[in-house]
Amino acid sequence: MRVFVTGATGHVGSAVVPELLEAGHHVVGLARSDKSAAALTAAGAQVYRGDLDDLDGLAATAAAADGVIHLAFKHDAMFAGDFDSAVAADLSAIELLGDALADTGKPLVTTSGTMLLAFAGLEDAATEADALDAGPRIDAENMVVALAERGIRSSIVRLAPTVHSTLDRNGFIPTLISIARSKGVAAYVGDGANRWPAVHTLDAARLYRLALESAPAGSRLHAVDDQGIPFREIAEAIGHRLNLPVVSIPSTQADAHFGFLSAPATADNPSSSTLTQDLLGWKPVQPGLIDDLDQGHYFDVPATTTR
């Protein structure tokens, strides 16, 4: 299968591309820079130079492919405070990809997150059957599900908020480590009992491949291994590795301490992947988050600037 992958050299994309190539697929990866293009070439993929604003080029490349995996998102704009424009660009990209693949029966796999359901008032762990009517990035989810009615085998992979591995350099875990280093403590809010799901990057990459190959049209899928780790345990693992005190802070101090991560740091987001595992035969096999933190690789790199 000839597969067009956006975000092909990002954290998850850098695992998805080799996963696809190893399975015998031909990959065309979207690259914004010479460095990204060189990485794709070295991996054995074909390069399409462009970005999410190159709508005509994206549409043509998608139309020429046998399937599309959409991983790209304007994270730079989001972290700069312009979340609305990042969300709008994602919606525009999905709309044009849908137009390019309409009535072909080809697969389109896109990306969302379980954290979107953290504030939905669910009584139990979030499942693939849970969905919201509208909201940032939720609108993109619903658009993708609706593409099933246009002759596209569309599916959504909801990533856990912590997608962890040696490939993770800018996600929530490196950011929490950077915050702990800069503040001199590893903190959690209140009793720290709020839970985060997690998944290893390589397990998530395999799920994207399986979704491309066989997910039914209109599927919502969960890339989740650890169903819900108490945030306090994550802080304790970070504090242990950095030899820093582990402390509780009141909710009134969450914004000042965690910055843009204050809402996720207090969110309770237990999530299940039972339906995904049953549907696609996907079974996570890589280490869980706490075991991965214990391996030490997250702490071998210099502290990064906290966003």
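Going by the structure above, here's the rest.
Here the structure is a predicted model, which is why all the values come from computation and not from measurement.

1. Comments concerning unusual backbone geometry
- One non-glycine residue, Asp103, adopts positive backbone phi at about 65°.
- Looking at the element boundaries, Asp103 is found in the loop between α5 (83-101) and β5 (107-113).
- Among the residues examined, Asp103 registers a relative accessible area of 69% and is labelled exposed.
- In this structure, Arg137 is a non-glycine residue whose phi angle is positive, near 70°.
- Positionally, Arg137 belongs in the loop between β5 and α6 (138-146).

2. Digging into the nonpolar core
- Formed by 34 residues in total, the largest nonpolar core has its most connected members in Val5, Val16, Leu20, Ile69, Val157, Leu159 and Tyr208.
- Secondary-structure elements contributing two or more residues to this core are β1 (2-6), α1 (13-22), β2 (26-31), α2 (34-43), β6 (153-159), α8 (201-214) and β10 (219-223).
- Among the elements that line this core, the one with the most residues is α8, at 7 residues.
- What Leu20 contacts, discounting residues up to four positions off in sequence, is Val3, Val5, His25, Val27, Ile69, Arg209 and Leu212.
- Core analysis: the second largest hydrophobic core is formed by 30 residues, Ala118, Ile229, Ile249 and Tyr298 among them.

3. Topic: helix α9 (residues 231-242)
- With 12 residues, α9 should cover 16 Å at 1.5 Å per step; its first-to-last C-alpha distance of 17 Å lies within 8% of that length.
- Where α9 is concerned, the buried positions are Phe231, Ile234, Ala235, Ala237, Ile238, Gly239 and Leu242.
- Remark: Asn243 follows α9 within two positions and exhibits a positive phi of approximately 55°.

4. A few points about the sheet that holds strand β11 (residues 226-230)
- Taking strand neighbours across the sheet as the criterion, the 3 strands line up as β7-β9-β11 in an open arrangement whose pairing is mixed. Here the strands that pair on one side only, and so sit at the sheet edges, are β7 (162-164) and β11. Averaged over all pairs of adjacent strands, the angle between their axes in this sheet comes to 40°, without regard to strand direction.
- Two elements, strand β9 (residues 195-200) and β11, share 3 bridges in a ladder whose sense is antiparallel. Each bridged residue has a counterpart across the sheet, and for Ala198 the counterpart in β11 is Asp226.

5. Some words on the side chain of Thr6
- As for its placement among the helices and strands, Thr6 is situated in strand β1.
- Of note is the side chain of Thr6, whose polar atom sits 2.7 Å from the side chain of His70.
- Side-chain polar atoms of Thr6 contact the backbone nitrogen of Ala72, separated by 3.1 Å.
- Beyond its immediate sequence surroundings of up to four residues, Thr6 is in contact with Leu30, Ile69, His70, Leu71 and Ala72.

6. What to know about the sheet that holds β1
- Ordered in space as β3-β2-β1-β4-β5-β6-β10, the 7 strands form an open sheet in which the pairing is parallel. In the strand order of this sheet, the two ends are held by β3 (46-49) and β10, each with one partner. Averaged over all pairs of adjacent strands, the angle between strand axes in this sheet comes to 20°, irrespective of strand direction.
- Strand direction decides the pairing type here: strand β4 (residues 67-70) and β5, joined by 2 bridges, are parallel. Among the inter-strand pairings, Ile69 is bridged to a residue of β5, identified as Val109.
- Across the sheet, α5 touches β4 and β5, and the angle it forms with β4 is around 175°.
- Sheet strands in contact with α6 are β5, β6 and β10, and its direction is about 150° off that of β6.

7. Let's talk about the environment of Arg220
- As for its position among the elements, Arg220 is in strand β10.
- For Arg220, a relative accessible area of 16% translates into the label buried.
- Each C-alpha atom of the pair Arg220 and Thr127 lies 9.1 Å from the other, and the pair is 93 residues apart in sequence.
- In this structure, Arg220 is in contact with Glu128, Asp130, Ala131, Glu141, Asn142, Val145, Ile156, Arg158 and Thr276, ignoring residues within four places of it in sequence.
- A polar side-chain atom of Arg220 sits 3.0 Å from a polar atom in the side chain of Glu141.
- Reaching out from Arg220, the side chain makes a polar contact with the side chain of Asn142 at a distance of 2.6 Å.

Calculation criteria
Residues numbered from 1 in each chain as written. Predicted model: local features only at pLDDT ≥ 70, side-chain atom pairs only at ≥ 80, totals over all residues. Heavy atoms only, no water. Helix = DSSP H or I, 4+ residues; strand = E, 2+ residues; numbered from the N terminus. Buried < 20%, exposed > 50% of the residue type's maximum accessible area, 1.4 Å probe, protein only. Core = buried A, V, L, I, M, F, W, Y, C linked by side-chain atoms within 4.5 Å. Contact = heavy atoms within 4.5 Å. Expected span 1.5 Å × (residues − 1). Pairing = 2+ DSSP bridges. Axes fitted to C-alpha atoms, helices over the stretch in contact; angles between N-to-C directions. Polar contact = N/O pair within 3.5 Å; in protein donor to acceptor, adjacent residues only side chain to side chain.

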